[in-house]
Amino acid sequence: GKKSHTRGKQRSLFMNQHKSNGFTLIELFITLLVLAVVVTLAVPPFADFLERQRLSAQAEAISSTLSTARAEAMTRVEDIEVCWNQTNAAITRRSFVLRPGQMAILSLDSPAEVMRDIAFSDEGLFIDDNDANDCVTFSPSGRFDTTTATFGFLTFGICKESGDTTDSKGVVLNATGRASTADNSDGAIINCS
């Protein structure tokens, strides 16, 4: 009686060891299915997050360039110009060639000394400004020379595409020469059209 009880116990232990050593094919399939559903639900919000980050980064780059130009004008005690190119062809400003989608800080010399240039227009983003001249000047006092701007102030809209202000950002340059970024989702800064 005692031997059969011991054998039964050993057989039971042996069976339990084999049952706990892995997953069944059904368990793996269900796990993969749940994982696929979670990933499918997470991808759109993550893509939207990346798009918002791109818009914010472009707005910060434009704002930073305008602020740098202001600081250069005050440090050098001379007029400093910021120009950008929204056309599909290169343009020349004081012997400096601005490629499409480029923004540069330039001295008023000819040829101009280039203090900084950036990709003004990130590929895939629509950037619009309210100025027809596409160049503005900062005075030695750091003020934005409103006579070099068509409307007396300067604004940029950074949008996903033309006319779409969803999650868009804006850059505002006021007459004192200070640049700041802001939300433009309502199109109040510029409609990107």
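This text goes with the structure placed above it.
Peer 1: How would you summarise the sheet that holds strand β8 (residues 154-159) if you had to cite specific residues and measurements?
Peer 2: Spatial strand order, β6-β8-β9-β10: four strands in an open sheet with antiparallel pairing. Pairing within the sheet leaves two strands with one partner each, and these edge strands are β6 (126-129) and β10 (179-183). With direction set aside, neighbouring strand axes in the sheet form an average angle of 20°. Looking at chain direction, β8 and strand β9 (residues 169-173) are connected through five bridges and run antiparallel. Across the sheet, the residue bridging to Gly 157 is Gly 170, located in β9.

Peer 1: Requested: an account of the pattern of salt bridges, with residues and values cited.
Peer 2: Evaluated as defined, the whole model comprises seven salt bridges. Among the salt bridges present, the one from Asp 122 reaches Arg 54, with a minimum N-O distance of 3.8 Å. Placement of the pair is Asp 122 in the loop between β5 (114-119) and β6 and Arg 54 in helix α2 (residues 25-76), with a sequence separation of 68 residues. Exposure remark for Arg 54: the relative accessible area of 32% places this residue in the partly exposed category. Here Arg 93 makes a salt bridge to Glu 81, at a shortest N to O gap of 2.6 Å. Of this pair, Arg 93 sits in strand β2 (residues 91-93) while Glu 81 sits in strand β1 (residues 80-84), placing them twelve residues apart in sequence. Judged by relative accessible area, Arg 93 falls into the partly exposed class, the value being 30%. Put simply, Glu 72, Arg 76 and Glu 113 are held in one network by salt bridges that share partners.

Peer 1: Outline the state of the cysteines, listing residues and values.
Peer 2: With the rule as written, the count across this model stands at two disulfides. The disulfide partner of Cys 83 is Cys 135, and the S-S distance across this bridge is 2.0 Å. The chirality of the disulfide connecting Cys 83 with Cys 135 is right-handed, given an S-S dihedral of about 115°. Linking Cys 83 in strand β1 with Cys 135 in strand β7 (residues 135-138), this pair joins segments that are 52 residues apart in sequence. Using a relative accessible area of 0% as the deciding quantity, one classes Cys 83 as buried.

Peer 1: Residues and numbers for the nonpolar core, please.
Peer 2: Of all hydrophobic cores here, the largest spans 25 residues; its most connected members are Ile 62, Leu 66, Val 82, Phe 138, Phe 156 and Ile 158. Where this core is concerned, the elements lending two or more residues are α2, β1, β4 (102-107), β7, β8 and β9. Broken down by element, the residue count for this core peaks at six residues, all from α2. In this view, Leu 66 contacts Val 82, Phe 138, Phe 156, Val 171, Leu 173 and Ala 179; residues no more than four positions away in its chain are not counted. Counting seven residues, the second-largest nonpolar core is a separate cluster that includes Cys 83, Phe 96, Ala 104 and Leu 106.

Peer 1: Kindly report on the packing of aromatic side chains, identifying the contributing residues and their values.
Peer 2: For the structure on display, the rule yields four aromatic pairs. Note on Phe 138 and Phe 144: the rings are 6.4 Å apart at their centroids and 50° apart in plane angle, and the pair reads as tilted.

Peer 1: How would you sum up the pairing of β10? Please name residues and give values.
Peer 2: Direction of pairing for β9 relative to β10: antiparallel, over a ladder of five bridges. Within the sheet, the bridge partner assigned to Gly 170 lies in β10 and is Ala 182. Between the antiparallel neighbours β9 and β10 lie five residues, among them Gly 177 with a positive phi of about 95°.

Peer 1: Go over the environment of Thr 150, please, and point to the residues and values.
Peer 2: Note on placement: Thr 150 falls in the loop between β7 and β8. Judged by relative accessible area, Thr 150 falls into the partly exposed class, the value being 41%. With 14 residues separating them along the chain, Thr 150 and Val 136 place their C-alpha atoms 9.5 Å apart.

What counts, and where the lines are drawn
Residues numbered from 1 in each chain as written. Predicted model: local features only at pLDDT ≥ 70, side-chain atom pairs only at ≥ 80, totals over all residues. Heavy atoms only, no water. Pairing = 2+ DSSP bridges. Helix = DSSP H or I, 4+ residues; strand = E, 2+ residues; numbered from the N terminus. Axes fitted to C-alpha atoms, helices over the stretch in contact; angles between N-to-C directions. Salt bridge = Lys/Arg side-chain N within 4 Å of Asp/Glu carboxyl O. Buried < 20%, exposed > 50% of the residue type's maximum accessible area, 1.4 Å probe, protein only. Disulfide = S-S within 2.5 Å. Core = buried A, V, L, I, M, F, W, Y, C linked by side-chain atoms within 4.5 Å. Contact = heavy atoms within 4.5 Å. Phe/Tyr/Trp six-rings, centres within 6.5 Å; stacked < 30°, edge-to-face > 60°.

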